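So the chains spell out like this:
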Amino acid sequence: MAENTCGSNPMFCFQCEQTARGTGCTTVGVCGKSSSQAGLLDQLTGELVALARIEDGQATESTYKVILEGLFTTITNVNFSEEAVKAQIQKTRDEIGKIRPECEGMVESCPDHAPLDMCTLWNENEDIRSLKSLLLLGIRGMAAYAYHAYVLGMTDDTVNRFLIKALVTLGETLPAEELLARVMECGQVNLACMALLDKANTTTYGTPVPTKVSTYIEPGPFIVITGHDLKDLELLLQQTEGKGVDVYTHGEMLPAHAYPKLKAYSHLKGNFGTAWQSQQREFASVPGAFLFTTNCLMPVKDSYSDRVFTTEVVAYPGLVHIDDNKDFTPVIEKALALGGYTTTQEKTGINGGHILTTGFGWGTVLSVADKVVDAVKTGKISHFFLVGGCDGARPGRNYYTEFVKQTPTDSIILTLACGKYRFNDLDLGDIGGLPRIMDMGQCNDAYSAIQVALVLAKAFECGVNDLPLTLVLSWYEQKAVVILLTLLSLGIKNIYLGPTLPAFVSPFVLNYLVENFGLTPTSTPEADLKKILG
Ligand code: SF4
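Keep in mind that this is a model prediction, so the values were computed, not measured.

Enquirer: What is the right way to look at the pattern of salt bridges in this model?
Expert: Pairing is possible between side chains of opposite charge, provided their charged atoms come close. Scanning the entire structure with this criterion turns up 20 salt bridges. Of the charged contacts in the structure, one is a salt bridge between Glu 95 and Lys 98, with a shortest N-O distance of 3.1 Å. On the criterion of helical spacing, the pair formed by Glu 95 and Lys 98 is a turn pair, its members being 3 residues apart in helix H3 (residues 82-99). For Glu 95, a relative accessible area of 4% translates into the label buried.

Shown next, in the form of structure tokens:
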């Protein structure tokens, strides 16, 4: 067991929205992470800082891969396996040894290049800790996006170099102003990272097209695939073809239905379940197999642990992990053995709807830009809301359902990420043929929303902040953090953020965000809509 003796508590972690008491998990993670696992993840981060310090311009593709994997591993609900994290720590040390052979086998004491003790960061002055945490959590989120682009064969030097720069920064003594500038730089670089992933997804699988996805589950064997990794879905579809096994998406995989090269597979049937935080209830007693490709894995209950599989950086003790060879045979065999349902199962979204429409990426929305601009000019559309971000388990997230329900009937709701499961089965009708709810995709498709906002601003010859557009975001984990930083770095103001403010934002940093960007905590749908619409 790894020791994490940071102060008098067995662990410290405050990186996600469900953190204990809204201040930090100090004995065990609310997410199910043990104190020893938290210690190992801190250790991994410290080793990544050592690798970044040591590379001195000598990083290779393998160095960047280790950094992407390592940062991704530390994201909430990704990796619960001590064995897997220890292996990742060893990989990082091996990479240090490759770059600096004189450090091989003595990384702990290698002059000037010892791992960063994360306790030094957690015990910093609260404003410095807040800014360094924003930077660390930002690059954790960015690394996940860069990783997905990497598996599709695309990388970006600006992104890779920034990850190294930011890791080094975590161990540096810098004034708050300089750290603030680096936090904003993180947001800017993440725009390039999201553009990279958008390019990787659309060049590989085509431009998403509006697609209606059923929530029904058909009879027969099936596999549910969840997470963000489209490559894993493609490989699974190839390996299940002709085997009598259907494939359903779950969570952040839903937008995959809209990509032409993926929707071409007739056994990609529909979407299973609602948002990630309901998995322990929704997976119980289901006669199908589940494959996790990225985060959003909750502690696995005994009642369904025999049918859950992981791949990529996701891991959980006792579960079968599909390695880089991507042979999904164990998943397929499990699905065949379970046999699926004997009759069609009527499942619904949380509001009772049976159809989820997705595929309104920027390529699609901008193809009807003239229609949209005209609808605004003629008063048919009064306002745009971007209501998106993560879903989560805490009470209070029905704010987003109620907010959407109460928006004026002449407004458009753009949405993305899993927060949409709060309302994506609602039928709010359309405006002149444009559906009132347009799902732009996964959280990284915030890039789409930004592109649409920029084009609208150009069409109306104004700034984004002058558009009749309000962003109402929900956050849970680190990818949402980096998207928020991107929006702020673009100068986008008056964003509503909920359901609670991050524990890692100190009063000084919050004050800066409120004064300079008008960042506003969500209150009630009624009060917020009144404030927005006047
Ligand atoms: Fe707590 Fe969230 Fe950290 Fe888990 S990831 S230990 S819930 S703060």
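Enquirer: Sorry if this is basic, but what is going on with the sheet that holds strand E16 (residues 520-521) here?
Expert: Two pairing modes exist for strands in a sheet, parallel and antiparallel, and in both the strands are linked by backbone hydrogen bonds. Reading across from one edge, E13-E10-E9-E14-E15-E16 is the order of the 6 strands in this open sheet, with parallel pairing throughout. A single partner strand is all that each edge strand has here, and the edge strands are strand E13 (437-439) and E16. Sheet topology note: the strand E9 (residues 383-389)/strand E14 (residues 469-474) ladder contains 6 bridges and is parallel. What sits directly across from Leu 386, in E14, is Leu 471.

Enquirer: Got a minute to help me understand the side chain of Thr 486 in this structure?
Expert: You can see Thr 486 is positioned in helix H16 (residues 478-489). Sequence-distant contacts of Thr 486, that is, excluding residues within four places in its chain, are made with Gly 187, Asn 190, Leu 191, Met 194 and Ile 450.

Enquirer: Would you mind going over the layout of surface pockets with me for this structure?
Expert: The rolling of a water-molecule-sized probe over the atoms marks out the regions of remaining empty space. For the largest pocket, the calculated volume is near 470 Å³. If you trace the largest pocket, you find 24 residues lining it, with Asn 79, Ala 84, Glu 312, Ala 315 and His 321 closest to the centre. Those elements that provide at least two residues to the lining of the largest pocket are helix H2 (61-73), H3 and strand E7 (320-322). The element contributing the most residues to the lining of the largest pocket is H3, with 6 residues. Among the residues making up the lining of the largest pocket, the classes are represented as 10 nonpolar, 7 polar and 7 charged.

Enquirer: Hey, could you run me through the site of the ligand in this one?
Expert: Lining the immediate environment of the ligand, one finds 13 residues, of which Cys 13, Cys 16, Cys 25, Cys 31 and Thr 76 sit closest. Residues that form the shell around the ligand fall into these classes: 7 nonpolar, 5 polar and 1 charged.

Enquirer: Sorry if this is basic, but what is going on with the nonpolar core here?
Expert: Taken as a class, soluble globular proteins show a tendency for nonpolar side chains to be buried jointly. Ile 139, Met 142, Leu 167, Leu 233 and Ile 495 are the most contacted members of the largest nonpolar core, which has 154 residues in total. Broken down by element, this core gets its largest block of residues, 15 residues, from helix H5 (residues 126-151). Aside from chain neighbours lying at most four places away, what touches Ile 495 is Leu 471, Leu 473, Leu 484, Leu 487, Leu 488, Phe 517, Gly 518, Leu 519 and Thr 520.

Rules behind the numbers
Residues numbered from 1 in each chain as written. Predicted model: local features only at pLDDT ≥ 70, side-chain atom pairs only at ≥ 80, totals over all residues. Heavy atoms only, no water. Salt bridge = Lys/Arg side-chain N within 4 Å of Asp/Glu carboxyl O. Helix = DSSP H or I, 4+ residues; strand = E, 2+ residues; numbered from the N terminus. Buried < 20%, exposed > 50% of the residue type's maximum accessible area, 1.4 Å probe, protein only. Pairing = 2+ DSSP bridges. Contact = heavy atoms within 4.5 Å. 1 Å grid on protein atoms, 1.4 Å probe; cavity = no way out; pocket = protein on both sides within 12 Å on 5 of 7 lines; lining within 4 Å. Points joined across faces, edges and corners; volume = space filled by probe spheres on them. Nonpolar A, V, L, I, M, F, W, Y, C, P; charged D, E, K, R; others polar. Near = heavy atom within 4 Å. Core = buried A, V, L, I, M, F, W, Y, C linked by side-chain atoms within 4.5 Å.

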